[in-house]
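Coordinate inspection notes
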Amino acid sequence: MTLTSKALLVLAGLALAACNNPRAGGTFGGGGADGFGNDGFVDAGISTGNLGDPNDPRSVAHFQQRIGDRVFFTTDSSSLTAEGRATLDAQARWLNANTQFSIVMEGHADERGTRDYNIALGERRANAAMQYLIGQGVSANRMRVVSYGKDRPVEACAAQRCWDINRRAVTAIAGVTG
Amino acid sequence: MTRLFHSLFALALVVLTSIAALLPAQAQPLRLQITEGVIEPMPFAVPAFVPENSAGGAYAERLSRVVAANLTNSGLFREVPPQAHIARISSFDAGVSYSDWRAVNVQALITGAVQVSGNRMTVKFRLFDVLTGQQVGDGLQFAGTTDSWRRMAHKVSDAVYSRITGESGYFDSRVAFIAESGPRTNRTRRLAIMDQDGENVQFLTDGRAMVLGPRMSNSGERILYTTYETGTPRLALINTQSGQRQFIGDIPGAQVFSPRFTPDGSGLVFSAARGGNTDLYRLTFSSGQMLQLTSSPSIATAPSFSPDGRQIAFESDRSGTNQIYIMSASGGEARRISFGQGRYSTPVWSPRGDLIAFTKSHAGRFHIGVMRTDGSEERLLTASFLDESPTWAPNGRVIMFTREAQGGDPSLFSVDITGRNLRRVPTPGPASDPSWGPLLP
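Computed from a prediction, not measured in an experiment: that's the story for all the values here.

1. Quick word on the overall build of chain A
When its secondary structure is counted, chain A shows five helices and four strands. Sequence-ordered secondary structure for chain A, helices as α and strands as β, is α-α-β-α-β-α-β-α-β. When each of the 178 residues of chain A is scored for burial, the buried share is 56%. A sequence separation of at least 24 residues applies to 71% of the contacts in chain A between residues at least 6 apart. Surface accessibility of chain A: about 7000 Å² in total, with carbon and sulfur atoms responsible for 53%.

2. Concerning the side chain of A:R142
Residue and element names in this part refer to chain A. Among the structural elements, R142 can be located in the loop between α4 (115-135) and β3 (143-149). Salt bridges are absent for the buried R142, whose nearest opposite-charge side chain, D89, sits at 14 Å. A distance of 2.9 Å separates a polar side-chain atom of R142 from the backbone oxygen of L95. Only 3.0 Å separates the side chain of R142 from the backbone oxygen of N98, close enough to count as a polar contact. If we skip the residues at most four places from it in the chain, R142 touches L95, N96, N98, T99, F101, S102 and I103.

3. Digging into the interface of chain B and chain A
On the chain A side, the residues contacting the 42 residues of chain B number 32 residues. Interface area for chain B against chain A, summed over the two sides, is near 3000 Å², with a carbon-plus-sulfur share of 52%. In this assembly, chain B and chain A are joined by eight salt bridges. Residue A:D76 pairs with B:R343 through a salt bridge whose shortest N-O separation is 2.5 Å. At the boundary of chain B and chain A, one finds 17 residue pairs in polar contact (both at pLDDT 80 or more). When residues of the side of chain B that touches chain A are traced back to their parent elements, those giving at least two are β12 (211-216), β16 (255-261), β17 (267-274), β18 (277-284), β20 (300-305), β24 (343-349), β28 (386-392) and β32 (431-439) of chain B. Of the residues contributing to the side of chain B that touches chain A, the split by class is 12 nonpolar, 19 polar and 11 charged.

4. Side note on the sheet that holds strand β22 (residues 323-328) of chain B
Residue and element names in this part refer to chain B. Taken in spatial order, the four strands make up an open sheet running β20-β21-β22-β23, and their pairing is antiparallel. Of all the strands in the sheet, just β20 and β23 (331-336) have a single pairing partner and so form its edges. Recorded for the sheet is a direction-independent mean angle of 30 degrees between the axes of neighbouring strands. Judged from the four bridges that link them, β22 and β23 form a sheet pairing that is antiparallel.

5. Structural notes on the sheet that holds β12(B)
Working definition: the strands of a sheet are paired by backbone hydrogen bonds and lie parallel or antiparallel to each other. Residues and elements named next belong to chain B. Pairing in this open sheet of four strands is antiparallel, and the strands run β12-β13-β14-β15 from one edge to the other. Sheet topology places β12 and β15 (245-248) at the edges, where each strand pairs with a single neighbour. Averaged over all pairs of adjacent strands, the angle between strand axes in this sheet comes to 25 degrees, irrespective of strand direction.

6. Regarding unusual backbone geometry
Residues and elements named next belong to chain B. The backbone of T346 sits at a positive phi, close to 40 degrees, despite the residue not being glycine. Position of T346 among the secondary structure elements: in strand β24. If you check the backbone angles, A363 has positive phi at about 55 degrees while not being a glycine. With respect to the element layout, A363 can be found in the loop between β25 (355-362) and β26 (365-372). Relative accessible area serves as the criterion here: at 70%, A363 is assigned to the exposed category.

7. Description of the pattern of salt bridges
If charged atoms from side chains of opposite charge come close, those side chains can pair. The full count for this structure, using the stated rule, is 33 salt bridges over all chains. In this structure, A:D151 and A:R115 form a salt bridge, with 2.8 Å as the shortest nitrogen-oxygen distance. Taken as a pair, A:D151 in the loop between β3 and α5 (160-166) and A:R115 in helix α4 lie far apart in primary sequence, 36 residues in all. Exposure class is identical for A:D151 and A:R115. Each is buried. When salt bridges that share partners are traced, they join A:E111, A:R115, A:K150, A:D151, B:E180, B:R184, B:R187, B:R189, B:E388, B:E404, B:D409 and B:D433 into one network.

8. Considerations on the packing of aromatic side chains
A complete count under the given rule lists 16 aromatic pairs over all chains for this structure. Pairing B:Y59 with B:W149 gives two aromatic rings, centres 6.2 Å apart and planes at 55 degrees, and the pair type is tilted. Remark: B:W149 occurs in helix α3 (residues 149-165) and B:Y59 occurs in helix α1 (residues 57-73); sequence separation between them is 90 residues. According to the relative accessible area criterion, B:Y59 is buried, its value standing at 14%. Overall, B:W149 belongs to the buried group, its relative accessible area being 13%. The interplanar angle of 85 degrees and the centroid separation of 5.7 Å between the aromatic rings of B:Y161 and B:F171 together place this pair among those described as edge-to-face. Remark: B:F171 occurs in the loop between α3 and β9 (173-181) and B:Y161 occurs in helix α3; sequence separation between them is 10 residues. This pair shows no difference in class: B:Y161 is buried, exactly as B:F171 is. A network of ring pairs unites the aromatic residues B:Y161, B:Y170, B:F171 and B:W436 as a single cluster. Cation over ring: A:R112 sits above A:W163, and NZ or CZ is 4.0 Å from the ring centre. Of note, B:R318 hangs over the ring of B:Y325, and the distance from its end group to the ring centre comes to 5.1 Å.

9. Observations concerning helix α3 (residues 82-97) of chain A
Over its 16 residues, α3(A) runs 23 Å from end to end, which matches the ideal 22 Å to within 8%, given 1.5 Å per residue. A:G84, A:T87, A:L88, A:A90, A:Q91, A:A92, A:W94 and A:L95 are the residues of α3(A) that are buried.

10. A look at the pairing of β16(B)
Residue and element names in this part refer to chain B. Taking burial as the measure, the seven residues of β16 include seven buried ones, the bulk of the element. Where β16 and β17 come together, five bridges link them in antiparallel fashion. Following the sheet pairing, R260 is matched in β17 by V269. Connecting β16 to the antiparallel partner β17 that follows it, the hairpin turn spans five residues, and G265 within it adopts a positive phi of roughly 75 degrees.

11. Some words on the environment of B:A272
Residue and element names in this part refer to chain B. Note that A272 resides in strand β17. Note on A272: relative accessible area 4%, which makes it buried. Separated by 23 residues in the primary sequence, A272 and G249 have C-alpha atoms spaced 9.1 Å apart.

12. Some words on the side chain of B:S384
All names here are of chain B. On the secondary structure map, S384 appears in the loop between β27 (379-380) and β28. A distance of 3.5 Å separates polar atoms of two side chains, one belonging to S384 and the other to R403. With near-sequence residues (within four places) excluded, S384 lies in contact with R365, F366, R403 and E404.

13. Structural notes on the confidence of the model for chain A
Mean pLDDT over chain A works out to 78, with 71% of the residues at or above the 70 mark. The model gives residues 1-49 of chain A a pLDDT under 50, and that stretch makes 71 contacts with residues more than four places away or in other chains.

How each quantity is defined
- Residues numbered from 1 in each chain as written.
- Chains lettered and ligands numbered in written order.
- Predicted model: local features only at pLDDT ≥ 70, side-chain atom pairs only at ≥ 80, totals over all residues.
- Heavy atoms only, no water.
- Helix = DSSP H or I, 4+ residues; strand = E, 2+ residues; numbered from the N terminus.
- Buried < 20%, exposed > 50% of the residue type's maximum accessible area, 1.4 Å probe, protein only.
- Contact = heavy atoms within 4.5 Å.
- Areas by Shrake-Rupley, 256 points an atom, 1.4 Å probe, with all protein chains shown as cover.
- Lys, Arg positive; Asp, Glu negative; His and termini not counted.
- Salt bridge = Lys/Arg side-chain N within 4 Å of Asp/Glu carboxyl O.
- Polar contact = N/O pair within 3.5 Å; in protein donor to acceptor, adjacent residues only side chain to side chain.
- Buried area = accessible area lost by both parts, 1.4 Å probe.
- Nonpolar A, V, L, I, M, F, W, Y, C, P; charged D, E, K, R; others polar.
- Pairing = 2+ DSSP bridges.
- Axes fitted to C-alpha atoms, helices over the stretch in contact; angles between N-to-C directions.
- Phe/Tyr/Trp six-rings, centres within 6.5 Å; stacked < 30°, edge-to-face > 60°.
- Lys NZ or Arg CZ within 6 Å of the ring centre and 35° of its normal.
- Expected span 1.5 Å × (residues − 1).
- pLDDT = per-residue confidence, 0-100.

Written out as structure tokens, the structure reads:
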């Protein structure tokens, strides 16, 4: 895979991740209704074709849309919920079957906190998800962490609905290793 | 990198002798005591400066307006506007008709003059106590280039503020901040710097990478900030005059953020998050020596030095919730100082050393507050959906911070440390994370 296509994969992954969150309550089409239409990724005209058919269990699209690429946290917590662990179990199975992919584990917080603390909290969340995947046999060498704190919300509405989906760890498929 | 500063230069300062200066000191000088009590703003007048040649005419009015705006924005002064003036100042050296100023209830009169030749400019001013009919202090003269005309007005403002309050001013200073634009889900953030009154905004980064939390050095020449340009958060150090930039404080596998210069500028303290744990580290620029200051299995962030550089205030959740702690600048045991209700974040030591400003969240609201360095005498100055990132004016009288209304964009506000005079600081768009620099020489 070329560098360019890797970059496109990452961008497309971000756009898809934003658009296919089942708890966002919005459409999956990247339209404006759920606030993702103007985020710069969808408008870039990136095709979802790179990611494969979500019906193909080996596709990145399947990982993102069917398995779910993210887990959520309660306020100020980095403890994995039962639902989150189930998602990570499924992620681990996919990652263990598709070992060519490396992962960026993104940690995020909602907006109700100071910037510095939220970067630390986001790192805690990303680390919690990463450690869980390691426990399920995913190699630590394939993963790295990035915390965005409160500064990369999937949706901004200053209400509980958005805070709940912004407190998250996202397993972003970053590219092909080795 | 774009040019960062229009060329700074040393403002030449000359003391003007005058007949008034030779008079014996007045028994009751024009004085505003800044206390906790309610202050009645002191009425002042600043007529258009006198143009001493035709080229000076372009600046005469503008200089006086900047002085008036500064003094008014401090909350300590109230302008008697030019249209209310009876007397006209047509010569800088002519006598002052005090009765005409008394008649419109002016207490402090500021007169000025400006002369321009080529790109050089000279600004003079005098301050008069209208009630006693005497000049306060000597007249002063500033010389510089015309593109720094606002700085000269700020210098005049600082001199007036200082003579009347007995404290140093803060008007000739700059503020680093993050200029924001675009949708919140994909925000563009640029490092920017501006005058304290929101003028002369310059952008130091191009917006391609997310940047956060700038901190200006005590000399005002360097800024530390957090950047995502290589993916994970890293620290960058930029020289605002040369535009030179470098990454510093990299720790393999760690997110590094929340930097703060040592008071002498010889190094920095910052946070590094790794393995679910965030600790404070200290780096000395010259030796490259890195020292880990905390090793608690918790979050330690938002460090701030005492002005003498011997102690560090920081935020930690080691007790279960965020609280403020103080430890030696070389690490070791930390003492918790915040014990009120709610959570305490982002301690920032006052330049006077006596107070610590902080962010507090309690019952769904955020506040900017101040407390003494032992945690006593806590005072909340603001309340809103989200107030954070306090920074001190160089004289320790005013705090600037980020305010975000629920569902709204962030903007910069300032408030007096007594909690009065809350004002929005004008910025070109949404703005956050102010860092107030020193009073310029």
